[in-house]
Amino acid sequence: MPNIAILGAQWGDESKGKTTDFLAEKADIVARYQGGDNAGHTIVIGDEKYILHLLPSGILQPHTVNVIGNGVVINLETLFAEINELVARGIEVGGRLKISSRAHLILPYHKIMESWDDLGSGLKIGTTSRGIGPTYVDKMNRHSGIRVADLLEFDLFQKKFDFNLEAKDYVLNQIGGEIDRNALLEKYYEYAQQLAPYVIDTPEFMHREMKSGKQVLFEGAQGTMLDIDFGTYPYVTSSNTTVGAVCTGLGVAPKAIDHVLGVSKAYVTRVGGGPFPTEMPPDLDEEIRRIGEEYGATTQRPRRCGWLDLVALRYATQINGFTGIVLTKFDVLDGLDEIQICVAYQRDGEEVSAFPANLRTLAECEPVYETLPGWKQSTADVRRYEDLPTNAKRYISYVAEFLDVPIVMASVGKDRAQTVICDSDFLSSD
Ligand code: GDP
Ligand code: IMO
Ligand code: MG
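Model, not experiment: these values are computed from the prediction.

Participant: Could you clarify how one ought to interpret the site of ligand 2 in this entry?
Facilitator: What surrounds ligand 2 is a group of 20 residues, the closest being Asp13, Lys16, His41, Thr128 and Thr237. Here an oxygen atom of ligand 2 sits 2.7 Å away from a polar atom, N or O, in the main chain of Asp13. Interatomic distance of 2.6 Å between a side-chain N/O atom of Thr128 and an oxygen atom of ligand 2. Surface burial for ligand 2 is 98%, taken as the share of its 550 Å² of free accessible area covered by protein chains. In the shell around ligand 2, the residues fall into 7 nonpolar, 10 polar and 3 charged.

Take a look at the structure:
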């Protein structure tokens, strides 16, 4: 199997976790390259359900090695809770997890800084409140960022930690955030001992393994429309979620990526604030949320639902160079008489050619819909492309032709087995 980047083509929660777990059966290494525990990647295998926030979604395929790259921001509390939970459920993690010495740490003050930003600026992004933004700010600031390697040199960690408490003192006091320095230092000393066995030089590891012919899945978090540069700024996350982050977040070269798979729902969802051109009217929004169980895997917030937006998906395809699309949650549309697909945006009666950077412009865009007939039958038990209902195949062809990208897989249910390969060639080519 070729090396495949798997990344969100929409506003996150596209089923990247399920897709990665499925493809990991044939991979050797699964590597996360950006984001942090704002991600919630769900994998369902029979009666067992797992929600992974930091561990790559290969961890449930016992033969794989899983890597957390330098581009990821790590909350150690989440990391160890996740490892302990898996171990308690009989999954071996130990020697199968490698963590970059260059990854930055999310520290308790970052969450406090985040609530200050939310209160002080009057801008409600609706973040996951995991301290992701302030951690990336500290990384870029250089004076205040703390990396895994610093934690392993504990005197260095302590010095940087104290500098941060001093530098952030005003905000911490204003907001009444409780930071017990000594207790935290003790806790982080413990974490350092627990973390040490996992820490490696990830670029060196990735290069050596790929050179020896190991096959890699690069697993993205969030989605293209939440990218710090290309998403609906400022209603985005604080990392690049698009394909370039594979290279910068792991230290691998572009030529290491053979395929770029964009994961997209057969409709769209979004959690948190920000414009959403194809948002459904309230009754349909509610119905799709109910059928699709659209509640956040990290925050349990209801996800807003909309029709598939091919203008946004075309933009995501241009940015990432998708060589294939995975269409997920197909079964959620099973009962609809008709399905709308947004094929253009109009503003003041004129077609808008590029996805608008300006949110005011985006808010003024009217979606232009094409209506396709529904298939009105269950797809949940379909396992082969040829067994999909004719109108479901028509939907797939429509999207593929519009984007000029093949639909390589369709997901028809949450279980690992509920997966339909639409283009078997892509798994064997490179
Ligand atoms: P991720 O963040 O991209 O990994 O996606 P999430 O796990 O946050 O959200 C996807 C949700 O949809 C999870 O609850 C999955 O169990 C569920 N899911 C995944 N694929 C399908 C599918 O094809 N059909 C249905 N009905 N549910 C799915
Ligand atoms: P996965 O990997 C969906 C959204 C938040 C908020 C914005 C910024 O599961 O697809 P942040 O905490 O990152 O600063 O929040 O981004 N967001 C996600 N939405 N799926 C995610 O991850 C998300 N991670 C962040 O809701 O709107
Ligand atoms: Mg998710």
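Participant: Teacher, can you tell me more about the coordination of the magnesium ion (ligand 3) here?
Facilitator: Around a metal, the idealised angle for a tetrahedral arrangement of four donor atoms is 109.5 degrees; for an octahedral arrangement of six donor atoms it is 90 or 180 degrees. Coordination of the magnesium ion (ligand 3) by the protein comes from Asp13 (OD) and Gly40 (O), over a distance range of 2.0 to 2.2 Å. One end of the pair, Asp13, is in the loop between β1 (4-8) and α1 (16-23); the other, Gly40, is in the loop between β2 (29-32) and β3 (41-45), and 27 residues separate them in sequence. Overall, the relative accessible area of 22% leaves Asp13 in the partly exposed class.

Participant: What am I meant to see in the packing of helix α12 (residues 310-320) against helix α14 (residues 390-403) here?
Facilitator: Relative placement of two packed helices is described by the angle separating their axes and the distance separating the axes. Axis separation between α12 and α14 bottoms out at 10 Å; the angle between their running directions is 50 degrees. Accordingly, the angle class assigned to the pair α12 and α14 is oblique. Here the hand of the crossing between α12 and α14 comes out right-handed. The segment α12 lies against α14, with Leu310, Leu313, Arg314 and Thr317 engaging Tyr398, Val399, Phe402 and Leu403. Its residues assigned to classes, the contact of α12 with α14 shows 6 nonpolar, 1 polar and 1 charged.

Participant: Please clarify how α14 should be interpreted in this entry.
Facilitator: Working note: α-helix, 3.6 residues per turn, so residues spaced by three or four point in the same direction. Along its 14 residues, α14 runs 20 Å from first to last C-alpha, staying within 8% of the 20 Å computed at 1.5 Å per residue. For α14, the set of buried residues is Ala392, Tyr395, Ile396, Val399, Ala400 and Leu403. Projected down its long axis, α14 shows its buried positions confined to an angular sector of 125 degrees, all on one face. Residues of α14 that are exposed and point over 90 degrees away from its buried face: Thr390 and Glu401. For α14, the elements touching its buried residues are β14 (308-309), α12, β15 (324-328), β16 (338-347), β18 (366-373) and β19 (407-411). Backbone geometry just after α14 places Asp404 at a positive phi near 60 degrees.

Participant: Before we go on, may I ask you to explain the environment of Pro134 in this structure?
Facilitator: Along the polypeptide, Pro134 turns up in helix α4 (residues 132-141). It is 8.9 Å that separates the C-alpha atoms of Pro134 and Tyr109, two residues lying 25 residues apart in sequence. In this structure Pro134 touches His110, Met113, Glu114 and Asp117, once residues within four positions along its chain are discounted.

Participant: It is not clear to me how the sheet that holds strand β5 (residues 65-68) should be interpreted in this structure. Could you clarify?
Facilitator: The strands that make up a sheet are held in pairs by hydrogen bonds between backbone atoms, and each pair lies either parallel or antiparallel. Strands sit in the order β9-β7-β5-β2-β10-β1-β11-β15-β19-β20 across an open sheet of 10 strands; the sheet is mixed. On the outer flanks of this sheet lie β9 (199-200) and β20 (419-421), each paired with one strand and no other. Where β19 meets β20, 3 bridges bridge the pair, whose relative direction is antiparallel. Following the sheet pairing, Met409 is matched in β20 by Ile421. Relative to the sheet, helix α9 (residues 202-211) contacts β2, β5, β7 (97-100), β9 and β10 (216-219), its axis offset from that of β5 by approximately 145 degrees.

Participant: Would you explain the packing of aromatic side chains in this entry?
Facilitator: For any two aromatic rings, the description comes down to two numbers: the centre-to-centre distance and the angle of the planes. Under the counting rule described, the total for this entry stands at 14 aromatic pairs. Ring centres 5.1 Å apart and planes at 15 degrees place the aromatic pair Phe330 and Trp375 in the stacked group. Residue Phe330 is found in the loop between β15 and β16, and its partner Trp375 is found in the loop between β18 and α14; the two are separated by 45 residues along the sequence. The class of Phe330 is buried, set by a relative accessible area of 0%. The buried category is assigned to Trp375, whose relative accessible area is 5%. Within the aromatic cluster, the residues linked to one another by ring pairs are Phe80, Tyr109, Phe154, Phe157, Phe161, Tyr188, Tyr189 and Tyr191. Sitting over the ring of Tyr50, Arg89 keeps its end group 4.0 Å from the ring centre.

Parameters and conventions
- Residues numbered from 1 in each chain as written.
- Chains lettered and ligands numbered in written order.
- Predicted model: local features only at pLDDT ≥ 70, side-chain atom pairs only at ≥ 80, totals over all residues.
- Heavy atoms only, no water.
- Near = heavy atom within 4 Å.
- Polar contact = N/O pair within 3.5 Å; in protein donor to acceptor, adjacent residues only side chain to side chain.
- Areas by Shrake-Rupley, 256 points an atom, 1.4 Å probe, with all protein chains shown as cover.
- Nonpolar A, V, L, I, M, F, W, Y, C, P; charged D, E, K, R; others polar.
- Donors = N, O, S within 2.8 Å, 3.2 Å for Na, K, Ca; no water.
- Helix = DSSP H or I, 4+ residues; strand = E, 2+ residues; numbered from the N terminus.
- Buried < 20%, exposed > 50% of the residue type's maximum accessible area, 1.4 Å probe, protein only.
- Axes fitted to C-alpha atoms, helices over the stretch in contact; angles between N-to-C directions.
- Parallel < 35°, antiparallel > 145°, perpendicular 65-115°, else oblique.
- Left-handed = near helix turned anticlockwise from the far one by under 90°.
- Contact = heavy atoms within 4.5 Å.
- Expected span 1.5 Å × (residues − 1).
- Arc of directions from axis to C-beta.
- Pairing = 2+ DSSP bridges.
- Phe/Tyr/Trp six-rings, centres within 6.5 Å; stacked < 30°, edge-to-face > 60°.
- Lys NZ or Arg CZ within 6 Å of the ring centre and 35° of its normal.

In short, the description is geometric, and any link to function would need to be established separately.
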